[in-house]
Amino acid sequence: MGELKLMKGNEALAEAAIRAGADGYFGYPITPQSEVIEYLMAEKPWERTGMVVLQAESEVASINMLYGGGGTGKKVMTSSSSPGISLMQEGISYLAGAEIPCVVANVVRGGPGLGDIQPSQSDYFQAVKGGGHGDYRLPTLAPSSVQEMSDFVPVAFDLAFKYRTPVLIVSDGLIGQMMEKVELFDPIPRWTDEEIVEMHPWATNGKPKGGERRIMTSLYLDPHVLEEHNYKLQRKYAEITKNEVRYELLDAEDADYLFVAYGSSSRIAQKSVRLAREKGIKVGLLRIITLWPFASEIINEFTEKGIKGFLSVEMSAGQMVEDIRLAVNGRTKVEHFGRLGGVIHSPEEVLEALEQKLIGG
Amino acid sequence: MTEEIIIAGFGGQGVLSMGKILAYSGIMQDQEVSWMPSYGPEMRGGTANVTVIVSDERISSPTLSFFDTAVILNQQSMDKFEETVKPGGVLLYDPNGISKHPTRTDITIYKIEGARLAAEMGNTKIFNMVVLGAYLKIKPIVKLENVIKGLKKSLPERYHKLIPLNEDAITMGMKNVVKI
């Protein structure tokens, strides 16, 4: 068993970056995720593993530092909260276009605009529908505990390098700020320069003798060439969709209804499941772990088996509910419940919404 | 066993650290814990509260509307949280600075003169440990030895010389809690 600690979600994410063998973290502080860079600066990973930690002059700078670092095959990461992630969207599109691996964590807060600093889940569209321009997708992991804030960092790096793509971790102010018990995984050593050369023949770490020049670019002025590049990206996204869907089912076997939720809403919905079961209502929870690729297949299976309805529980005006509706395609009832602007719904409110919108509705 | 607690008072009273020590104590005896603070601009000099859950099972929602125990340390928190105690639950408060005392009859109410006792012990900073002692007398969910282990884990080493004082404060709280 690994080391047990009581940590904030943000601190667990930062510690996990060091333990995952990251080479660099580039970030800019913003509430409610500032503990990430604070922890890294206090922990001095440059003394522990040689990892670089740099406070950039802005989020725009930090995302482009990922372009440089990731382009050389190094494990690089940034994190921010909603307004900061919006600033990064141009860079994320370039990273997706140039197929550069990196990890970007968003500790979501209320929006739009500067919004507030309380937990929210209103950046789902931005995460999975393409926050930047162009036909691209980002594998997106949604931790629902401090433990997963730690565990998902190495998973994100694995996906990033397996598919040569930026990977998002989307949590929120609740998961970032709360403390829970976390079992830290054993440190993974940083790759040596030789290992990078061997493992990543695409990386721009020097022209090999007699080899081709390597270029990191998202610019293809010939439309036919760009079309080919896009087809290649789409084949990659199809592969990710086939292999990387993650979800968890709780109390779903005998369920008449299912809550569908991710991140902190899935924790709240777990409590709502208990309250409902005490009243004799058979409801379960489908916890979405990868926001993209989305768990459409399991939703289809439950629909085929005759589930009476799905209630999407999100701290937003209803974003993920659209993907549930696409998977259900009109065959059963799909409703949404969620508080907005940083207000956290209570387990009782979620249960009431189920009773009103699905059972009574 | 699942114990759902809200601790609420002024920023600076040690509300968050009391919750943290309780959470660490739970870890020391292999329980699941969560610690969810109110955070934001209201913390600077204003009110602060933290929801702590200690359980033998996986913890679902870290934020709650109703609690097994409310530990209340100022009037604003009394106004806000008296009604959030589950029927049959516990309300523990320090009467110092409270003008409207709790009135509910379907819960058990306890009083601890935490501020006064801490001042008498010559260190107002151990106020929260006196209150923690009072709480643990009512709800012995964690063993004192695990609290001490939790303190060692959550305090930087240079403060470890203060652990005996903290232990005394906890004992003081245990001895002086009064059921109303």
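Above this text sits the structure in question.
Predicted model only: the values in this text are computed from it and were never measured.

**Remarks on the packing of helix α1 (residues 9-19) of chain A against helix α2 (residues 35-43) of chain A**
All names here are of chain A.
Step number 1: Interaxial distance between α1 and α2 falls to 8 Å at its minimum, and their mutual angle equals 50 degrees. As far as their axial angle goes, α2 and α1 are oblique. Here α1 and α2 pass one another in a crossing that is right-handed. Across from Asn-10, Glu-11, Leu-13, Ala-14, Glu-15 and Ile-18 in α1, the residues of α2 making contact are Glu-35, Val-36, Tyr-39, Leu-40 and Glu-43.
Step number 2: Its residues assigned to classes, the contact of α1 with α2 shows six nonpolar, one polar and four charged.

**Notes on the interface of chain B and chain A**
Step number 1: Contact residues are listed per partner, giving 17 residues for chain B and 20 residues for chain A.
Step number 2: Secondary structure elements with two or more residues in the side of chain B that touches chain A: α1 (15-28) and β2 (32-37) of chain B.
Step number 3: With six residues, the single largest contributor to the side of chain B that touches chain A is β2(B).
Step number 4: Split into classes, the residues belonging to the side of chain B that touches chain A amount to nine nonpolar, six polar and two charged.

**Focus: helix α6 (residues 163-176) of chain B**
Residue and element names in this part refer to chain B.
Step number 1: Under the 1.5 Å per step criterion, the end-to-end length of α6 is 20 Å for 14 residues, consistent within 8% with the ideal 20 Å.
Step number 2: Every buried residue of α6 is accounted for by Asn-166, Ala-169, Ile-170, Met-172 and Gly-173. All buried residues of α6 project into a common sector of 160 degrees when viewed along the axis, lining one side. Across from the buried face of α6, at angles greater than 90 degrees, the exposed residues are Pro-164 and Lys-175.
Step number 3: Tucked inside the fold, the buried residues of α6 contact α3 (114-120), α4 (127-138) and α5 (144-154).

What counts and how
- Residues numbered from 1 in each chain as written.
- Chains lettered and ligands numbered in written order.
- Predicted model: local features only at pLDDT ≥ 70, side-chain atom pairs only at ≥ 80, totals over all residues.
- Axes fitted to C-alpha atoms, helices over the stretch in contact; angles between N-to-C directions.
- Helix = DSSP H or I, 4+ residues; strand = E, 2+ residues; numbered from the N terminus.
- Parallel < 35°, antiparallel > 145°, perpendicular 65-115°, else oblique.
- Left-handed = near helix turned anticlockwise from the far one by under 90°.
- Contact = placed C-beta atoms within 7 Å.
- Nonpolar A, V, L, I, M, F, W, Y, C, P; charged D, E, K, R; others polar.
- Expected span 1.5 Å × (residues − 1).
- Buried ≥ 20, exposed ≤ 12 C-beta atoms within 10 Å, placed from the backbone.
- Arc of directions from axis to C-beta.

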